[in-house]
Amino acid sequence: MRYSILYLTLACLLVLTGATAAQEEDEYPEEPDFIVGDGEDVEAGDEAAEDTVEEAEEEENAYSYVIGVGDDETQVGIQVSNTAEYKLYESVYDSAAGGKVYGMQTFEDDLTANVSIDNLVLGGTLRFWQPRYDDVLTYSRQYKSELFKWYVGYAGEVAEARYGTFYTTFGRGLTLHLYDDPIFYDVDNFLEGFYGHVTLDWLDVKGLVGRGSYDFDPLYTFTDDVRAVEASFNPFLPWIEIGGGLVSQDQQVGVDFVSGEAIRKPLLMPSGRLKVTTDYVDFYGEYAASSGYELEGTEYVPYDGEAIYASLVGYLGRNSLRVEYKNYDHFYNHWNSPPEVSFSTKPLDKSYPGKDEEGYLVQLTYSPLIGLSVSGGYCDAWDSAEEMTRTEYGGEVRWDAWPWHLVAAGWLHGESKEYGTVGEADYYLYERDEIWPDLEVSYIFPTGHSLALHYRHELIEEHEVLGDFGENDISEQNPQGSLTYNWPELFSATVGAQFALGDLRTLDEGRDYWITGEVTFHLGPNHDLSVFYGNERGGLVCSGGICREEPPFDGLRVTLESRI
Amino acid sequence: MRKLSALLLVLLAGVAVAAQAPLFQLEDVNGNNVKLSDYIGDYVVVLDFWATSCSPCLAVMPHMQELYEEYKDDGLRVIGISEDLPRNVSSVKAKARELGVTYTIVLDQNAAALQAYQGGDAGIPFIVVIGYDGQITDTFRRIQPGDEDKIEEAVVEALGL
């Protein structure tokens, strides 16, 4: 309730501010110069900048938000955005209900504001979510009404300090990677606590103390305490960088089912890395060790692990050769994301990425002209017992003749094998062979309207041996495509279809075709209204070249995005 | 406290708020630290948020390169902000070279810069035009063919040409 009141108050303030801003714009129909400032930042001789400042002064800084306080001038920056989304599910699978639920409705509103006053920064995201979290256990902790993210801090030239929600990355994410990826994977694994960052010409130091909740199931939310420090410096030459870090966690590894108390074990990850950057060759290599605890039977026993990741990229003009190598052994926690070293970005073991996998990747790209490129690559990965393997090879031809058209045609062939034993006599074998031809074409008409087509045809062969239970062979095809028509400044409309043909795999959604339609109306430069109707298959969903991992959806979705 | 009170007064009074570009400091593909604050005051800056796996983003980059070459002597700087995760970082520089890009490319591996500019609902391609004074003069979301002319118009206006 208190969040609802706070939310409504802030929303009213937002609307009032926006409305007044719009009124101000009406009073100044001529295009204003959005120029303020004290002019001290404009160097002598920079004629364009000087002219612009003069024009702004003539306009009496109508749109200025430089606030004069005594002799000081305070720079204030404000960004506010709001996203409201309504969903009407025709049906949705609810794990808590143990089956499908029909006619469920949800409403979510994220109000995000960031304010900077000179070097002081503060901001946050207020989330309003209906129905109540307690009513629908399907959704994780992120889906409830709360001050979802918040921070206050200092951001200066040399130092940055923040208390509250923060993100950061150590190296290539081998030991620590805190990020929000709403575009591709809908992952948001921030920490809350203190974060500090000092940057000098030759030295870069980060330190943090925070707590984060790791959700892999709404019924099991694990909370970890993370302490970490990292430093990198250029000791001798500017193109060489040496770095290292230490991540220490009190990691929740389980729950005592008798007492209900969290079971916490320490995890330590020291690391060191070397980066060499030149015009012709880039090298990155990192080594890290880990010591933690893992469940063996009913006991948590200590283990030691290690990880090596290296990449080497050579350049010749616009052409390049990329080689990557990984060797991860008992190397995983809730707050890192080791590079997958694969084209499909699939880790070898999807359950425990980084637990036991070794592999390499080679990719060659030839670009005879700007806008035209041909690339091909191969990658292979295996575990230490070679019970799991994954091989991929494929290629792509891209021809970008912007603004007239874009053509990208590619294919990827992946082979996976998983072998395991069940009991003493039974064994399990799973082999999967998949080919994904992929085509993107877009064309712009002389009127400025454009048409874009995306088509992918997945061919999947699966061979499964379940010990004495027999074999199971599956052959499935997934033709899928989308067509988008765009009328600039007014709307864009997309229709999409996907079919599952052949010997169908077991489909949780209980269907073998998926049809979608979506129209996005551009209500001025700062507001977009999208209406979607149809059913989306779960998994990797791509639209307009942007892909993300989505759960299945069946119904109506209305989204309003606003930026003020 | 006086400054904060002044801010609140301004907000309540309804003075228009044109957005100040959030400052960031990110590492470029050559390992150098790039600060947006170093550009403010001296240049008009175009931020191009992109990723190697985003086809529309790749399609617009050669045009951004043309824009940069045409107006760099007039005070334009372009910063390409890669939203690639660490798993893809090794291919960012190669992709930029393949597209003939010579402007600065920085890495936003935890999407902090994108979040600062777009808030909760982020999407790419996304282009921001920042004036000499550090204020955002125009933004372009989900670029489509044909938008390049509008981007150029926004740049020319920001440059005062």
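What counts and how
- The numbering scheme is per chain: residues are counted from 1 as the chain's sequence reads.
- As they are written, the chains are lettered A onward and the ligands numbered 1 onward, keeping that order.
- For this predicted model, a pLDDT threshold of at least 70 governs which residues receive local features, and a threshold of 80 or more governs which side-chain atom pairs are given and counted, while totals over whole chains, interfaces and linings are taken from all residues.
- The basis for every side-chain value is the complete set of non-hydrogen atoms in the structure, without hydrogens or water.
- Any two strands between which DSSP finds at least two bridges are classified as paired.
- Secondary structure is summarised from DSSP: a helix means a run of H or I of at least four residues, a strand means a run of E of at least two, and numbering begins at the N terminus for each.
- A fitted line through C-alpha atoms serves as each axis, taken over the contacting stretch for helices, and the angle formed by two N-to-C directions is quoted from 0 to 180°.
- The contact definition used throughout considers only heavy atoms, calling two residues in contact when any of these lie within 4.5 Å.
- Here a polar contact means two N or O atoms within 3.5 Å. Within protein one must be a hydrogen donor candidate and the other an acceptor candidate, and residues neighboring in sequence count only if both atoms are side-chain atoms.
- Using a 1.4 Å probe on the protein chains alone, a residue whose accessible area is under 20% of its type maximum counts as buried, one over 50% counts as exposed, and one in between counts as partly exposed.
- Working rule for helices: expected span equals 1.5 Å times residues minus one.
- Two axes enter the bend calculation: one fitted to the seven residues ending at the residue in question, the other to the seven starting there, and the bend is the angle between them.
- It is the directions from the helix axis to the C-beta atoms whose arc is reported.
- In the cavity and pocket records, a cavity denotes points on a 1 Å grid over the protein atoms alone where a 1.4 Å probe fits but cannot get out, a pocket denotes an open set with protein on both sides within 12 Å along at least 5 of 7 lines, and lining residues are residues with an atom within 4 Å of a point.
- Grid points are joined across faces, edges and corners, and a volume is the space filled by probe spheres set on the points.
- Two cysteine sulfur atoms form a disulfide, by the criterion used here, when they sit within 2.5 Å.
- Residues belong to a common nonpolar core when they are buried Ala, Val, Leu, Ile, Met, Phe, Trp, Tyr or Cys residues joined through side-chain atoms within 4.5 Å.
- By definition in this entry, angles of less than 35 degrees are roughly parallel, angles greater than 145 are roughly antiparallel, angles of 65 to 115 are roughly perpendicular, and the rest are oblique.
- For a crossing to be left-handed, the near helix must be turned anticlockwise from the far one by less than a right angle; the clockwise case is right-handed.
- Ten residues, namely Ala, Val, Leu, Ile, Met, Phe, Trp, Tyr, Cys and Pro, are considered nonpolar, four, namely Asp, Glu, Lys and Arg, are considered charged, and the remaining ones, Gly among them, are considered polar.
- pLDDT is defined as a per-residue confidence score from the predictor, taking values between 0 and 100.

## Quick look at the sheet that holds strand E3 (residues 44-50) of chain B
Residue and element names in this part refer to chain B.
Reasoning step 1: Across the sheet, seven strands lie side by side as E2-E1-E5-E4-E3-E6-E7; this open sheet has mixed pairing. Bordering the open sheet on either side are strand E2 (33-35) and strand E7 (136-141), each of which pairs with just one other strand. Between one strand axis and the next, the sheet turns by 30 degrees as a mean value, whatever way the strands run.
Reasoning step 2: Running over the sheet, helix H2 (residues 55-71) touches E3, strand E4 (76-82), strand E5 (104-107) and strand E6 (126-130) and is turned about 165 degrees from E3.

## Concerning the side chain of A:His449
Residues and elements named next belong to chain A.
Reasoning step 1: Within the secondary structure layout, His449 lies in the loop between strand E26 (438-444) and strand E27 (450-466).
Reasoning step 2: In this structure the side chain of His449 is engaged in a polar contact, spanning 2.6 Å, whose partner is the side chain of Tyr485.
Reasoning step 3: Non-local contacts of His449, meaning those with residues more than four positions away in its chain, are made with Tyr443, Ile444, Tyr485, Asn486, Trp487 and Pro488.

## Side note on the pairing of strand E29 (residues 491-499) of chain A
Residue and element names in this part refer to chain A.
Reasoning step 1: Burial along E29 is one-sided: the residues Ser492, Thr494, Gly496 and Gln498 are buried and none of Phe491, Ala493, Val495, Ala497 and Phe499 is.
Reasoning step 2: Pairing geometry for strand E28 (residues 471-487) and E29, over eight bridges, is antiparallel. Its bridge partner being in E29, Gly481 is matched across the sheet by Ala497.
Reasoning step 3: Where E28 folds back onto E29 in an antiparallel hairpin, the turn is made up of three residues, including Glu489, whose phi is positive at roughly 70 degrees.
Reasoning step 4: By the bridge criterion, nine bridges tie E29 to strand E31 (residues 513-522) in an arrangement that is antiparallel. When the sheet's bridge partners are listed, Val495 is paired in E31 with Gly517.

## Details of H2(B)
Since the α-helix turns once every 3.6 residues, residues separated by three or four places project in the same direction.
Residues and elements named next belong to chain B.
Reasoning step 1: For H2, with 17 residues, the first-to-last C-alpha span of 25 Å sits near the 24 Å given by 1.5 Å per residue.
Reasoning step 2: Roughly 30 degrees is the biggest bend found in H2, and it falls at Met61, with proline Pro62 one to four residues downstream.
Reasoning step 3: Where burial is concerned, most of H2 is hidden: 14 out of the 17 residues are buried.

## Quick notes on helix H5 (residues 147-159) of chain B
All names here are of chain B.
Reasoning step 1: With 13 residues, H5 ought to run about 18 Å at 1.5 Å a step, and its terminal C-alpha atoms sit 18 Å apart, in line with that.
Reasoning step 2: The complete set of buried residues in H5 reads Asp147, Glu148, Ile151, Ala154, Val155, Ala158 and Leu159. In a view along the axis of H5, the buried residues occupy a sector of 130 degrees, so they form one face of it.
Reasoning step 3: Among the residues trailing H5, Gly160 stands out with phi positive, at a value near 75 degrees.

## Things to note about the pairing of strand E17 (residues 262-277) of chain A
Residues and elements named next belong to chain A.
Reasoning step 1: With 15 bridges joining them, strand E16 (residues 240-255) and E17 adopt antiparallel strand pairing. Bridge pairing links Gln249 to Leu267 in E17.
Reasoning step 2: What sits between the antiparallel neighbours E16 and E17 is a turn of six residues, in which Gly260 has the positive phi angle 80 degrees.
Reasoning step 3: The pairing of E17 with strand E18 (residues 281-296) spans eight bridges and is classified as antiparallel. Looking across to E18, one finds that Val276 is bridged to Phe283.

## Regarding empty space enclosed by the protein
Residue and element names in this part refer to chain A.
Reasoning step 1: As enumerated under the stated definition, the model contains six cavities of 30 Å³ or more in all.
Reasoning step 2: Within this model, the largest cavity holds a volume of roughly 60 Å³.
Reasoning step 3: Forming the walls of the largest cavity are 13 residues, and the residues nearest its centre are Val341, Ser342, Lys346, Ala381 and Arg390.
Reasoning step 4: Elements with a contribution of two residues or more to the lining of the largest cavity: strand E22 (372-382) and strand E23 (388-401).

## Points about the state of the cysteines
All names here are of chain B.
Reasoning step 1: For the structure shown, the criterion picks out one disulfide over all chains.
Reasoning step 2: The disulfide partner of Cys54 is Cys57, and the S-S distance across this bridge is 2.2 Å. Taking the sign of the S-S torsion, about 75 degrees here, the bridge from Cys54 to Cys57 comes out right-handed.
Reasoning step 3: Judged by relative accessible area, Cys54 falls into the buried class, the value being 0%.
Reasoning step 4: Classification of Cys57 as buried rests on a relative accessible area of 0%.

## Digging into the nonpolar core
Across soluble globular proteins, nonpolar side chains show a tendency to be buried alongside one another.
Reasoning step 1: If you look at the biggest cluster of nonpolar residues, it comprises 55 residues, and the most contacted ones within it are B:Leu36, B:Leu47, B:Phe49, B:Leu76, B:Ile79, B:Tyr117 and B:Ile130.
Reasoning step 2: When residues of this core are assigned to their parent elements, the largest contribution, eight residues, is made by H2(B).
Reasoning step 3: If we ignore the near neighbours within four places in the chain, the residues touching B:Leu47 are B:Phe24, B:Leu36, B:Ile79, B:Ile81, B:Tyr117, B:Phe126, B:Ile127, B:Val128 and B:Ile130.
Reasoning step 4: The next biggest cluster of nonpolar side chains, apart from the first, holds 27 residues, and it includes A:Phe148, A:Leu191, A:Tyr195 and A:Val226.

## Re the packing of H2(B) against H5(B)
All names here are of chain B.
Reasoning step 1: At a minimum axis distance of 11 Å, the contact between H2 and H5 shows a crossing angle of 25 degrees. Relative to H5, the element H2 is oriented roughly parallel. Classified by chirality, the crossing of H5 by H2 is right-handed. On the side of H2, the interface is formed by His63, Met64, Leu67, Glu70 and Tyr71, while H5 contributes Glu148, Ile151, Glu152, Val155, Val156 and Leu159.
Reasoning step 2: In terms of residue class, the contact of H2 with H5 is made up of seven nonpolar, one polar and three charged.

## So, the confidence of the model for chain A
Close inspection of predicted coordinates is inappropriate in any region flagged by low pLDDT.
Residue and element names in this part refer to chain A.
Reasoning step 1: On average, residues of chain A score 77 in pLDDT, and 74% of them reach the 70 mark or higher.
Reasoning step 2: Confidence drops under a pLDDT of 50 for residues 1-71, and excluding neighbours within four residues, the segment shows 102 contacts in the predicted structure.
Reasoning step 3: Overall, residues 542-548 carries pLDDT values under 50, and its contacts beyond four positions in sequence, including any with other chains, amount to 25 contacts.

## Here's the deal with the side chain of B:Thr52
Residues and elements named next belong to chain B.
Reasoning step 1: Considering the arrangement of structural elements, one finds Thr52 in the loop between E3 and H2.
Reasoning step 2: Take Thr52: its relative accessible area is 15%, and that puts it in the buried class.
Reasoning step 3: Engagement of the side chain of Thr52 in a polar contact is seen with the side chain of Asp84, the distance being 2.6 Å.
Reasoning step 4: When near neighbours in sequence (up to four residues on either side) are disregarded, Thr52 contacts Leu58, Asp84, Asn88, Ser91, Val92 and Lys95.

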